[in-house]
Amino acid sequence: MESNHKFHQEKGFPWKHVVGLFLSLVLTAIAFWLALATNQPPAVIITIIVVLGVGQLLVQLYMFMHFTESDEKAWQVPTIYFALFIALTIVGGSIWIMTFKSLVA
Amino acid sequence: MSGIVNWAVHFFMLDEGPLIWLSDFLIGIASVGIVVALTYFKLWKWLWDNWLTTVDHKKIGIMYLIAAVLMLFRGGTDGLLMRTQLSWPNLHFLNADHYDQIFTTHGTIMILFMAMPALIGFFNIAVPLQIGCRDVAFPYLNAISFWLFFVAAMLFNLSFVVGGSPDGGWTSYPPYVENAFDPGPGENYFLVSLQITGIGTIATGVNFLLTILRMRAPGMTLMRLPMFTWSVLITSIIIVFAFPVLAVCLALLLIDRDFGSHFFTISAGGMPMQYVNLFWIWGHPEVYIVILPAFGIFSEVVSTFSSKKLFGYSAMVVSMIAIAILSFIVWVHHFFTMGAGPGVNSFFGVSTMAIAIPTGVKIFNWLFTMHKGRIEYKSAMLWAVGFIPNFLIGGLTGVMLAVPPADYQYHNSYFLIAHFHYVLIGGTVFGVFAGLYYWWPKMFGVLLNERLGRWHFWLFMIGFNICFFPMYFLGFMGMQRRVYTYPAGYGWGVINLIETFGAVLMGIGFLVFVLNILWSARYGERDVTGDPWNGRTLEWATTSPAPHYNFAIIPQVKGRDAWWLMKQAGESINGPKGIPFKPIHMPNNSGRPIIMCAFFFIAGAGFVFQWWIPAIIGLIGVVVTMALRSFEYNDHHYIPVDEIEETEAAAGRL
Ligand code: HEM
Ligand SMILES: [Cu+2]
């Protein structure tokens, strides 16, 4: 319980959060608009959405998760590596596994 | 008028025959009875103040476990219904539709609404006490997690009597579960309630990860953590990475069903197998989420009842970390038969077999812990010792399934059913029972009866083997899973009959357990010392049940098995005499979590029946209750020193 107080409290208007919320909404809206209202080839749309997704990730890390403010590098570095490992496994693995579709189609 | 009547008859499934009428009747009677009893004994206020609004991890843990035992009863009843239907060829006790619904709700309830809450209940009961702190990192969020699970479980169970249950299996594979083949609310119940409980589980993962990393007592380094807490740490990490995948996967399927998109349909470029892929990216880590905490429980139990410290502590930790990493790179073994090709299948076959190595290391560690120990066969220990051979059978047949060409034979046969019940029952359920017998005194201040405990163990364990061992052979003989009946003449009849007999024995074992709870509540031996097993870890250092604030003074930890060391050195948990108490800072109770989750329920029902107005009202309610929390400044109180002194004096610790 006590340790909760040690967490640093922000003073004043939470600009960071408001900007973060706005950015994440805009990024999401662009993705929807691309998929629903444009006629680009799928490869183009997917590429742009992936880029938007990475942007979304950075917004979350910097605006909401106080990624840069913590003094606990010792925890963060391995965690980020593990997260990258999982992300690569899931995305890369899925692509590898699902290529069977082009083989049998 | 008759239109409305017809709709209502269908909606409440009154056209489904006497089984549903009976359930309607029983549920109605039970609900009315509970309301009447609470009102008559004037218990509403007590219930609200002490339980519904609590943020105390010990009470939340108890509520999780009560819910889990009730769900074990519901899921077990499903199991018995299925076993009755299968006990002889060509029976018509259940029809095909009902059988499909029952295996679906059985599997879903057992995994998501029985195993998960039971284990998370133990996280709550034991972890803060084991690491010597006063609550979890986010007590308010912890209450939200519980109520999310609870409303999700209620929503899912409602499907039985309102609108119809899901029938696509606990895996809910498209294209069958798409609207074209499976219209109606059934599958939506599955998708929405798993989504809701999944949010709660992710929050639990974050909560316990932080609790263990940030709230340990001074001196409690990571390599001094009790093994159960280690298992919770690793499990929390797996939860945080795996459950979001499930959330995405379910959301996409729900969007398909509610809004007509084509992520997983056969037509319009959908990829049904992508669902299967995503489902198991979560699904395999999920099986480790439900087994690692059970491993943790066995580690505590084995070392306590062998009066020895755990053999190979670091090897245990390293194997759990290895299991956590490997659990994310094996998921294809659930769908080798999709035919992704030899490269994919060999890779995932080999990675699966690799998991047997760290698991084997753990088995040997438990055996060596017992070796030359002074073993006391208390009930908790019986479950732990029974677990080893049973889990081994499950694990070894798992390695057989990991060989892709062989899996083409075993896939979706009763061989598979036998395998996963051996790991889920022999591992998780045995672990839950071990944990219940072990921590029961800590939770309620009374011991469960040992004699009834032995009956419970032997009936359940023998019944389990009679029920599930023959299934391996039924699988070889060609019997498939998820079939509601089978013709005579294959020689399957007698084997199935024997299995059903075993299932009944398990049911009786469970009833003995219920009897034990009732008996002990009235006549059970009180736990006056707080340390009935001569325990080794800090939860045994305080009173049973622990005082609201857990520890009057945060203990100083000097090594592994902290409480054991203190007892050896003759030290008190409150440190040297004369350290003055200070007022203790505790979070306030709050009614908001349960109200917020009630809105989740309304929104969920909206998405199930595609009633958009309740869905929107529910979602707005969720956002508003969440926002209100931000304006709550008075969210804690202090326990005054004289109250602490009083409690500590009563516990004889002054
Ligand atoms: C009380 C003892 C139990 C009995 C008698 C029992 C019996 C059964 C039966 C007969 C089936 C269906 C076979 C089929 O037609 O495909 C089944 C499926 C299943 N069981 Fe159990 N079971 C029991 C306990 C458990 C437990 C404790 C768990 C998990 C923790 C569990 C998890 C499952 C799952 C995931 C399925 C697959 C459902 C599906 O096909 O979608 N069972 N069980
Ligand atoms: Cu698996």
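Anything mentioned here points back to the structure above.
Nothing here was measured: the structure is a model prediction, and the numbers come from that model. (Residues numbered from 1 in each chain as written. Chains lettered and ligands numbered in written order. Predicted model: local features only at pLDDT ≥ 70, side-chain atom pairs only at ≥ 80, totals over all residues. Heavy atoms only, no water.)

### Quick notes on the overall build of chain A
Put simply, the rule is: Note on conventions: DSSP H or I runs of at least 4 residues are helices, E runs of at least 2 residues are strands, and numbering of each starts at the N terminus. Three exposure classes are used, based on accessible area relative to the maximum for each residue type with a 1.4 Å probe and protein chains only: buried under 20%, partly exposed in between, and exposed over 50%. A 1.4 Å probe and the Shrake-Rupley method give the accessible areas. Residues count as covered only by the protein chains that appear here.
The secondary structure content of chain A amounts to five helices and zero strands. Each of the 105 residues in chain A was classed as buried or not, and the buried ones make up 21%. When the accessible surface of chain A is totalled, it reaches about 7,700 Å², and 76% of it is carbon and sulfur.

### Some details on the overall build of chain B
Keep this limit in mind: Atoms considered for the radius of gyration are the C-alpha atoms alone. The globule rule reads 2.2 Å times the number of residues to the power 0.38. Pairs of residues are marked as contacts when any of their non-hydrogen atoms sit within 4.5 Å. His is not counted here, nor are the chain ends, while Lys and Arg score as positive and Asp and Glu score as negative. Taken as the charge centre is NZ of Lys, CZ of Arg, CG of Asp or CD of Glu, depending on the residue.
Helix and strand content of chain B: 20 helices and two strands. In terms of overall dimensions, chain B is globule-like: its C-alpha atoms have a radius of gyration of 25 Å, near the 26 Å expected for 654 residues. Here the contacts in chain B between residues at least 6 apart in sequence split such that 82% fall between residues at least 24 apart. Counting every atom, chain B has about 25,700 Å² of accessible surface; 73% of that belongs to carbon and sulfur. Charged side chains of chain B number 33 positive and 34 negative; the gap between the two group centres comes to 13 Å.

### What about the nonpolar core?
This is how it is decided: Here, nonpolar core means buried Ala, Val, Leu, Ile, Met, Phe, Trp, Tyr and Cys residues that are tied together by side-chain atoms lying within 4.5 Å of each other.
Ranked by internal contacts, the top residues of the largest apolar core, which has 206 residues, are A:I97, B:F113, B:W439 and B:L538. For this core, the leading source of residues is helix 5 (residues 96-130) of chain B, giving 20 residues. Ignoring any residue separated from it by four or fewer positions in sequence, one finds B:L538 in contact with B:L129, B:Q130, B:I131, B:G132, B:M220, B:F551, B:P555, B:V557, B:A562, B:W563, B:M566 and B:I573. Residues B:Y549, B:A552, B:F581 and B:M586 belong to the second largest nonpolar core, which totals eight residues.

### Regarding the packing of helix 12 (residues 379-401) of chain B against helix 15 (residues 450-476) of chain B
Residue and element names in this part refer to chain B. Note the following rule: Interaxial angles span 0 to 180 degrees and are taken between N-to-C directions of axes, which are lines fitted to C-alpha atoms, for helices over the stretch in contact. Small angles under 35 degrees read as roughly parallel and large ones over 145 as roughly antiparallel, with 65 to 115 read as roughly perpendicular and the rest as oblique. In the scheme used here, Gly and all other residues not listed as nonpolar or charged are polar, with Ala, Val, Leu, Ile, Met, Phe, Trp, Tyr, Cys and Pro taken as nonpolar and Asp, Glu, Lys and Arg as charged.
Closest axis-to-axis distance for the helix 12/helix 15 pair is 10 Å, and the angle between their directions is 10°. Of the possible angle classes, the one that applies to helix 12 and helix 15 is roughly parallel. In terms of residue class, the contact of helix 12 with helix 15 is built from 12 nonpolar, eight polar and two charged.

### As for the coordination of the iron atom of ligand 1
Residues and elements named next belong to chain B. What counts, and what does not: Metal donors were taken as nitrogen, oxygen and sulfur atoms no farther than 2.8 Å from the ion, or 3.2 Å where the ion is Na, K or Ca. Water is excluded, so coordination may look unfinished. Geometry is assigned from donor-metal-donor angles: four donors are tetrahedral when every angle falls between 85 and 135 degrees, four are square planar and six octahedral when opposite donors sit over 155 degrees apart with all other angles between 65 and 115, and any other arrangement is irregular.
Listed as protein donors to the iron atom of ligand 1 are H106 (NE2) and H421 (NE2); their distances from the metal cover 2.0 Å. One can describe the site at the iron atom of ligand 1 as octahedral: its six donor atoms subtend angles covering 87 to 180° at the metal. Taken together, the residues H106 in helix 5 and H421 in helix 14 (residues 414-444) connect sequence positions 315 residues apart. The class for H106 is buried, based on a relative accessible area of 15%.

### Re a negative patch on the surface
Test applied: The patch calculation keeps residues exceeding 30% relative accessible area without a salt bridge and links them within 9 Å when they carry like charges or within 5 Å when they are nonpolar (Val, Leu, Ile, Met, Phe, Trp, Tyr). Any Lys or Arg side-chain nitrogen located within 4 Å of an Asp or Glu carboxyl oxygen qualifies as a salt bridge.
A surface patch of negative charge is lined by B:D642, B:E643, B:E645 and B:E646. A relative accessible area of 60% places B:E646 in the exposed class.

### Things to note about the site of ligand 1
All names here are of chain B. Using the following cut-off: Note on terminology: near, applied to a residue and a molecule or strand, indicates that one of the residue's heavy atoms is within 4 Å of it. Here a polar contact means two N or O atoms within 3.5 Å. Within protein one must be a hydrogen donor candidate and the other an acceptor candidate, and residues neighboring in sequence count only if both atoms are side-chain atoms.
Y99, H106, W170, H421 and R482 are the nearest of the 23 residues found near ligand 1. Within the contact set of ligand 1, an oxygen atom lies 2.8 Å away from a backbone nitrogen or oxygen of W170. Interatomic distance of 3.3 Å between a side-chain N/O atom of Y414 and an oxygen atom of ligand 1. Of all elements in the fold, only helix 4 (57-86), helix 5, helix 14 and helix 16 (493-523) reach the threshold of two or more residues within the shell around ligand 1. Tallied by class, the residues present in the shell around ligand 1 amount to 16 nonpolar, four polar and three charged.

### Considerations on a nonpolar patch on the surface
Side chains of A:F13, A:W15, A:V18, A:V19, A:F22, A:L23, A:V26, A:I30 and A:W33 sit close together on the surface and give an oily, nonpolar patch of about 900 Å² of accessible area. When you line up the elements, A:F22 lands in helix 2 (residues 15-37).

### Some remarks on the interface of chain B and chain A
This is how it is decided: Note on definitions: buried area is the accessible-area loss of two parts on being combined, 1.4 Å probe, summed for both.
Facing the 33 residues of chain B at the interface are 22 residues of chain A. In this assembly, chain B packs against chain A so that about 2,500 Å² is buried in total across both faces, 77% of it on carbon and sulfur atoms. Scanning the region where chain B abuts chain A turns up zero salt bridges. Connecting chain B to chain A are one residue pair in polar contact (both at pLDDT 80 or more). For the side of chain B that touches chain A, the secondary-structure elements that each account for two or more residues are helix 7 (186-214), helix 8 (227-259), helix 9 (272-305), helix 11 (342-370) and strand 1 (584-587) of chain B. Of the residues that constitute the side of chain B that touches chain A, the class distribution is 24 nonpolar, six polar and three charged.

Any functional reading would require information that these geometric values do not contain.
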